[in-house]
Amino acid sequence: MSRDEYGVNGEYGEHGEHGENAAPDGPDRLVGAEADSEESAVEAALRPKELGEFIGQPRVREQLDLVLKAARQRNGTADHVLLSGAPGLGKTTLSMIIAAEMGAPIRITSGPAIQHAGDLAAILSSLQEGEVLFLDEIHRMSRPAEEMLYMAMEDFRVDVIVGKGPGATAIPLELPPFTLVGATTRAGLLPPPLRDRFGFTAHMEFYEPGELEQVIHRSARLLEVDTDAEGAAEIAGRSRGTPRIANRLLRRVRDYAQVKADGVIDREIAHRALGVYEVDERGLDRLDRAVLGALLKLFGGGPVGLSTLSVAVGEERETVEEVAEPFLVREGLLARTPRGRVATPAAWDHLGLARPPQRDSGFSGKSGQQGLFGG
């Protein structure tokens, strides 16, 4: 997500939403990928400080390591970096690591905070040579500021407009070399001229369970929590491939182990704790199961329209579409078809319900692909 961050290796991720009208998916949901400022502050100690400490994203780490080492050998600034991916995977963390590896200060802001070109000009004009400017949710920056950023990234110069109308004049302002690190959850919303000005672009992938186990063990050491391998594996399996969620679940399991057991987290304690918090074996929470349950029990697995499904679960349409459905689709439990939402065979199995006789529902086979004409 978010987001000063902590989604990665210590719940750092990004702070923003998937878009201006995105539904909230914050820490009020235990498996939400966003983090608020309070959560980020509490877990700041979990954030890795060096690239070698960063867990996961091996390809991104290898490529970024080359970019930073080459810049240091040239005694210059690193190329501008664009990081894209879902919330909670560590984009802000990597921006801080870039600054640390380059021995440079970092300035943090976000796209929604820059509503006018003057806002951006004020930030750029105060940068020091070599400083890293982290611009989160860069896709939400205003268009005038975006156009000013083109020249700043390419020529390290901005034109400050003085006056209005025919008498307005542009005063060129030279900028010291700096490195811009942009983060976005929606790279497709960035205009091509902006994307093309980044020297290095990386996409953050969801984590494998083994990588999340490493994140959990590292966080447990920093939190001074005794966790065995099976306990870490139980938490990792319910973390939706996201380090921020893994760290949040670890803290909740720690609380349960402290109150209900001897403070040691093993598989049984983790299983019982996450049962209390209604996070099941695949990482589904109450909202996810409500959507699947309504789809299966009320509508026989679909197809059913989004609005009807939203009314059935008592949630806003945007909440179902933006918060619950992405993970259900990714897990292969639900398919979006032109005729409506359809449950997959895996959904029936996960909720332990008997599948109805096979019929034309717009969904075919395990792949979730439709037939040529929707059959």
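This is a predicted model, so every value here is computed, not measured.

What counts, and where the lines are drawn
Residues numbered from 1 in each chain as written. Predicted model: local features only at pLDDT ≥ 70, side-chain atom pairs only at ≥ 80, totals over all residues. Heavy atoms only, no water. Helix = DSSP H or I, 4+ residues; strand = E, 2+ residues; numbered from the N terminus. Buried < 20%, exposed > 50% of the residue type's maximum accessible area, 1.4 Å probe, protein only. Areas by Shrake-Rupley, 256 points an atom, 1.4 Å probe, with all protein chains shown as cover. Polar contact = N/O pair within 3.5 Å; in protein donor to acceptor, adjacent residues only side chain to side chain. Contact = heavy atoms within 4.5 Å. Pairing = 2+ DSSP bridges. Axes fitted to C-alpha atoms, helices over the stretch in contact; angles between N-to-C directions. Salt bridge = Lys/Arg side-chain N within 4 Å of Asp/Glu carboxyl O. Expected span 1.5 Å × (residues − 1). Patch = residues over 30% accessible without salt bridge, like charges linked within 9 Å, V, L, I, M, F, W, Y side chains within 5 Å. Nonpolar A, V, L, I, M, F, W, Y, C, P; charged D, E, K, R; others polar. Core = buried A, V, L, I, M, F, W, Y, C linked by side-chain atoms within 4.5 Å. Parallel < 35°, antiparallel > 145°, perpendicular 65-115°, else oblique. Right-handed = clockwise from strand over helix to strand, strands pointing away.

K.L.:
Describe in detail the overall build of the chain, supporting the description with residues and values.
P.N.:
Scanning the chain from N- to C-terminus turns up 14 helices and 13 strands. Per-residue burial over the chain gives 50% buried out of 375 residues. Per element, the accessible surface of the chain, about 16800 Å² overall, is 50% carbon and sulfur.

K.L.:
Report on the side chain of Arg238, specifying residues and quantitative values.
P.N.:
Positionally, Arg238 belongs in the loop between helix 8 (229–236) and helix 9 (243–260). Owing to a relative accessible area of 2%, Arg238 belongs among the buried residues under this scheme. Within polar-contact distance, the side chain of Arg238 engages the backbone oxygen of Val279 at 2.7 Å. Not counting residues up to four positions away in its chain, the partners in contact with Arg238 are Leu249, His271, Leu274, Gly275, Val279, Asp280, Glu281 and Gly283.

K.L.:
Please set out the sheet that holds strand 4 (residues 106–110) residue by residue, giving values where relevant.
P.N.:
Ordered by their spatial adjacency, 5 strands build an open sheet running 4-5-8-3-9, and the pairing between neighbours is parallel. This sheet does not close on itself; its edge strands, each paired only once, are strand 4 and strand 9 (200–203). When strand polarity is set aside, the average angle formed by the axes of neighbouring strands in this sheet is 15°. Bridging between strand 3 (residues 81–84) and strand 9 involves 4 bridges; their strand directions are parallel. Counted as the bridge partner of Leu83 is Ala202 from strand 9.

K.L.:
Quick rundown of the pattern of salt bridges? Include the residues and the values.
P.N.:
Summed over all chains, the structure comprises 20 salt bridges. The salt bridge partner of Arg197 is Glu154, with a shortest N-O separation of 3.2 Å. Separated by 43 residues along the polypeptide, Arg197 in the loop between helix 6 (192–195) and strand 9 and Glu154 in helix 5 (residues 143–155) bring together distant segments of the chain. In this structure, Arg272 and Glu268 form a salt bridge, with 3.3 Å as the shortest nitrogen-oxygen distance. Pair noted here: Arg272 and Glu268 are both in helix 10 (residues 267–276), with a separation of 4 residues, about one helical turn. Taken together, the salt bridges that share partners define one network made up of Glu230, Glu234, Arg238 and Arg267.

K.L.:
Got a sec to walk through helix 11 (residues 286–298)? Specific residues and values, please.
P.N.:
Over its 13 residues, helix 11 extends 17 Å from the first C-alpha to the last, a length consistent with the 18 Å expected when each residue adds 1.5 Å. Buried-residue contacts for helix 11 involve helix 12 (306–313), helix 13 (317–330), strand 12 (334–337), strand 13 (340–343) and helix 14 (345–350). Looking one or two residues past helix 11, Gly300 carries a phi angle of roughly 60°, positive in sign.

K.L.:
I'd like a rundown of unusual backbone geometry, residues and numbers included.
P.N.:
In the Ramachandran plot, Glu137 falls in the positive-phi region, its phi being about 50° despite a non-glycine side chain. Structurally, the position occupied by Glu137 is in the loop between strand 5 (132–136) and helix 5. For Glu137, a relative accessible area of 5% puts it in the buried group. One non-glycine residue, Phe156, lies in positive phi territory at about 50°.

K.L.:
Outline a nonpolar patch on the surface, supporting the account with residue identities and numerical values.
P.N.:
On the surface, Val160, Ile171 and Leu173 cluster together to form a nonpolar patch covering roughly 200 Å² of accessible area. In this structure, Leu173 sits in strand 7 (residues 169–174).

K.L.:
So what about the packing of helix 4 (residues 117–125) against helix 5? Which residues, and what values?
P.N.:
For the pair helix 4 and helix 5, the least separation of the axes is 8 Å and the interaxial angle reads 35°. On helix 5, the residues touching Ala117, Leu120, Ala121 and Leu124 of helix 4 are Pro144, Ala145, Met148, Leu149 and Ala152. Per-class residue counts for the contact of helix 4 with helix 5 are 9 nonpolar, no polar and no charged.

K.L.:
Before we move on, could you go through the side chain of Thr179 and cite the residues and values that matter?
P.N.:
Counting through the fold element by element, Thr179 comes out in strand 8 (residues 179–184). Side-chain polar atoms of Thr179 contact the backbone oxygen of Ala78, separated by 2.8 Å. If near-sequence neighbours (up to four positions away) are discounted, Thr179 is found in contact with Thr77, Ala78, Asp79, His80, Glu131, Val132 and Leu133.

K.L.:
If you had to explain the nonpolar core to someone new, which residues and values would you point to?
P.N.:
Soluble globular proteins tend to bury their nonpolar side chains together. Core analysis: the largest hydrophobic core is formed by 48 residues, its most contacted members being Leu64, Leu94, Ile235, Val253 and Ile265. A total of 7 residues in this core trace back to one element, the largest contributor, which is helix 9. Listed in part, the 24 residues of the second largest apolar core include Leu120, Ala121, Leu175 and Leu180.

K.L.:
Explain the packing of helix 12 against helix 13 residue by residue, including any values.
P.N.:
Orientation of helix 12 relative to helix 13, taken along the N-to-C sense of each, is 90°, at an axis distance of 8 Å. The angle between the axes of helix 12 and helix 13 places the two elements in the roughly perpendicular class. Across the interface between the two elements, Leu306, Ser307, Leu309, Ser310 and Val313 from helix 12 touch Arg317, Val320, Glu321 and Glu325 from helix 13. The residue inventory of the contact of helix 12 with helix 13, partitioned by class, reads 4 nonpolar, 2 polar and 3 charged.

K.L.:
Quick one: what's the story with the environment of Val158, residue by residue and with numbers?
P.N.:
Residue placement: Val158 occurs in strand 6 (residues 157–162). Along the primary structure Val158 and Ala121 are separated by 37 residues, whereas in three dimensions their C-alpha atoms are 7.3 Å apart. Setting aside chain neighbours within four positions, we find Val158 in contact with Leu124, Met148, Met151, Ala152, Ile171, Pro172, Leu173 and Leu175.

K.L.:
Describe the pairing of strand 5, with residues and values.
P.N.:
Of all 5 residues in strand 5, 5 are buried, a share of seventy percent or more. What you see with strand 5 is no split at all: Val132, Phe134 and Asp136 on one side and Leu133 and Leu135 on the other are buried throughout. As defined by bridge partners, strand 4 adjoins strand 5 across 5 bridges and the pair is classed as parallel. Following the sheet pairing, Thr109 is matched in strand 5 by Leu135. At this point the chain moves from strand 4, through helix 4, to the parallel strand 5, and the crossover so formed is right-handed. Inspection of the sheet shows strand 5 paired to strand 8 by 4 bridges, in the parallel sense. The residue of strand 8 that forms the bridge with Leu133 is Leu180.

Taken by themselves, the reported measurements are silent on function.
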